[in-house]
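Each chain, letter by letter, is given below.
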Amino acid sequence: MQASGNAHGRLFGTNGIRGKPNELLTTDFVSSIGKAAATMFLSKRIAIGRDTRTSGAMVMSALVSGIMSTGTDAIDLGVLPTPGLQYYCLLNSLPGVMITASHNPAEYNGIKCIDIDGTELSQEKEIEIEKIHFTGKYKVSGWQSVGVALQDNTAARTYIEAVLSKVKRDVVVSAGFRVAADPACGGAYYTTPFLLRELGCSLTTINGFPDGMFTSRNPEPRPENLSALLTLMKDGSYDIGIAHDGDADRAAFVDSSGKFVEGDLILSLLIKHRSRKGDVIVTPISTSDSVDDSASEVGATVIRTKVGAPIVARTMIDGKASLGGEENGGMIFGDHQYCRDGAMTVARVLEIMAETGKSLSELLSEVKRYHMKKGSAHFSGKWESLEKFIVERSNPERVDRTDGIKIYVKDGWALVRKSGTEPIVRVYAHSRTEAGCTRIFSEFSSLVHDFRP
Ligand code: MG
């Protein structure tokens, strides 16, 4: 997971720079990235936000001084969700830097750069920042033109208002939903609870306070980390449960019976109720076929991309898409902003429930469901050899090479991908039946396991 940090390696992975404070993320390193980013952006001001991690203030200070040394003003927006910073950047046409390690455990932190349209920075611009960092060719201001340290505590409020303005607030309010929310003690601890109250929900919040140690739960919103929320909801006192990751660009949902809902199904649900004929939907090749089924039901087109939210967002812009999403619960709404947005996802799901008068489980029973299984295995060999070995042994009907190899077999498909950041390969299995899914998963996991370079 740790970026290499050497002169020949990449620093930015699929989700920015990730590492441990005082290991990769030393104050010298962070300050240098601040200088390099400000030199590349050539903007008068840069906005910076952070999640609740204990190292956030240290990383912020180092970034701010690096940025100011180039003559650029640094605006500290404080703690807020990543999409809150992105909305601020979009609204003010300003570049931004987010300090977060998203769903990674408490010991990590990270730096993600945001372009002036609120999207995650393109790879070309990230490479430009790396080059400036490694060569030390920063812009340096004279003593009389050092940047100013500014603060703006309005960004979270502006963001919530933007989300509220995009949904039929009165319809949601009149439904009077009973909601249990778990913002993970992260960036959404004081945005999502406010949003839900303003949507007329009667609310119980757990982990609704800042805790940079993530003592109560790991910030990844997976069922194994949500036992408190799942237990709270078991007695049926709530209409819906909501959970975020550390920086709240993702939302996960629990139905009224306390059952965790996979992100694919939320995307499928959004397509069914919010997309129309001719709309374009963008999703990585790893998401369920349920997405295609809902899209064809309403007459929308699906574009499949490589795995990664920035790729989905950029493909949405290029293809004028209205909706994008990933199976991990990261949804992108073209009429709001081109980045994953946890609060917007929450508002839209509640809006669909309110408009239809149906429970989440009723709504989900109307979308086509498949069985999916995911796993990973250690792999440090040559990817091309593994790919060849798997294709030869599996007798596929068709192979899609958009990202890794997606192998279509009789009763479903398998996707085998090499991780960009860790020495592992990920194996996904997908089928109409549970038995088919189990069979595909074990067949392809075994192939990876049996491979000898
Ligand atoms: Mg995240």
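Residues numbered from 1 in each chain as written. Predicted model: local features only at pLDDT ≥ 70, side-chain atom pairs only at ≥ 80, totals over all residues. Heavy atoms only, no water.

## Points about unusual backbone geometry
To keep it simple, the criterion reads: Starting at the N terminus, helices and strands are each numbered in turn, a helix being any DSSP run of H or I of at least four residues and a strand any DSSP run of E of at least two. When a residue's accessible area, from a 1.4 Å probe over protein chains only, is under 20% of the maximum for its type it is buried; when over 50% it is exposed; and in between it is partly exposed.
Although it is not a glycine, C185 adopts a positive phi angle of roughly 60 degrees. Mapped onto the secondary structure, C185 falls in the loop between β7 (178–182) and α7 (192–198). By relative accessible area, C185 is classed as buried at 1%.

## Structural notes on the sheet that holds strand β3 (residues 73–79)
Here is the rule: For two strands to be treated as a pair, DSSP must find at least two bridges joining them. Axes, fitted as lines to C-alpha atoms, cover a helix only where it is in contact. Angles between the N-to-C directions of the axes lie from 0 to 180 degrees.
Taken together, the six strands give an open sheet; going across it, the order is β1-β5-β4-β2-β3-β6, and neighbouring strands pair in mixed fashion. A single partner strand is all that each edge strand has here, and the edge strands are β1 (17–19) and β6 (149–151). With direction set aside, neighbouring strand axes in the sheet form an average angle of 20 degrees.

## Re the domain arrangement of the protein
Selection rule: Residue ranges for the domains originate in an automatic or database domain assignment. Here, residues are in contact when the closest pair of their heavy atoms is within 4.5 Å. Each of two parts loses accessible area, computed with a 1.4 Å probe, when they are put together; buried area is these two losses added. Whenever a carboxyl oxygen of Asp or Glu lies within 4 Å of a side-chain nitrogen of Lys or Arg, that contact is scored as a salt bridge. Any pair of N or O atoms that falls within 3.5 Å is considered a polar contact. Within protein, one atom must be able to donate a hydrogen and the other to accept it, and sequence-neighbouring residues count only if both atoms are side-chain atoms. Each residue gets one of three labels, nonpolar for Ala, Val, Leu, Ile, Met, Phe, Trp, Tyr, Cys and Pro, charged for Asp, Glu, Lys and Arg, and polar for the others, Gly among them.
Considered domain by domain, the protein is made up of domain 1 (17–153), domain 2 (158–364) and domain 3 (371–450). A C-alpha centroid distance of 27 Å is found between domain 1 and domain 2. Between domain 1 and domain 2, the contact holds 26 residues from the first and 35 residues from the second. With both sides pooled, the region where domain 1 packs onto domain 2 buries about 2200 Å², and carbon together with sulfur makes up 60% of that total. When the area that domain 1 buries against domain 2 is broken down by residue, the three leading residues are T52, Y87 and H103, summing to 26%. At the junction of domain 1 with domain 2, the criterion picks out zero salt bridges. If you look at where domain 1 meets domain 2, you find 12 residue pairs in polar contact (both at pLDDT 80 or more). Along the lines of polarity and charge, the residues of the side of domain 1 that touches domain 2 split into 10 nonpolar, 12 polar and four charged.

## Quick word on the pairing of strand β5 (residues 109–114)
Burial analysis of β5 places six of its six residues in the buried class, the great majority of the element. Because side chains alternate across β5, one face comprises the buried residues N109, I111 and C113, and the other comprises G110, K112 and I114, equally buried. Here β1 pairs with β5 via three bridges, running antiparallel. The residue bridging I17 from the neighbouring strand is I111, located in β5.

## As for the environment of D73
Topologically, D73 is positioned in strand β3. Residue class for D73 comes out buried when judged on its relative accessible area of 7%. Note: C-alpha distance between D73 and V179 (106 residues apart in sequence) is 41 Å. Aside from chain neighbours lying at most four places away, what touches D73 is K44, R45, I46, I67, G147, V148 and L150.

## Brief notes about helix α11 (residues 309–318)
Think of an α-helix as turning once every 3.6 residues; residues three or four places apart then point the same way. Taken residue by residue, α11 has A309, P310, V312, A313, T315 and M316 as its buried positions. Next to the buried residues of α11 lie β12 (280–284), β13 (301–305), β14 (323–325), β15 (331–333) and β16 (337–340).

## Regarding the coordination of the magnesium ion
To keep it simple, the criterion reads: Coordinating donors are taken as N, O and S atoms within 2.8 Å of the metal, stretched to 3.2 Å for Na, K and Ca; because water is absent from the atoms, sites can appear incomplete.
Those protein atoms acting as donors to the magnesium ion are S102 (OG), D245 (OD), D247 (OD) and D249 (OD), and they sit at 2.0 to 2.2 Å. Mapped onto the sequence, the residues coordinating the magnesium ion show the spacing S-x142-D-x1-D-x1-D. Here S102, found in the loop between β4 (96–99) and β5, pairs with D249, found in the loop between β9 (240–244) and β10 (251–254); they are 147 residues apart in sequence, far enough to count as distant. Residues S102 and D249 agree in their burial class; the two are buried.

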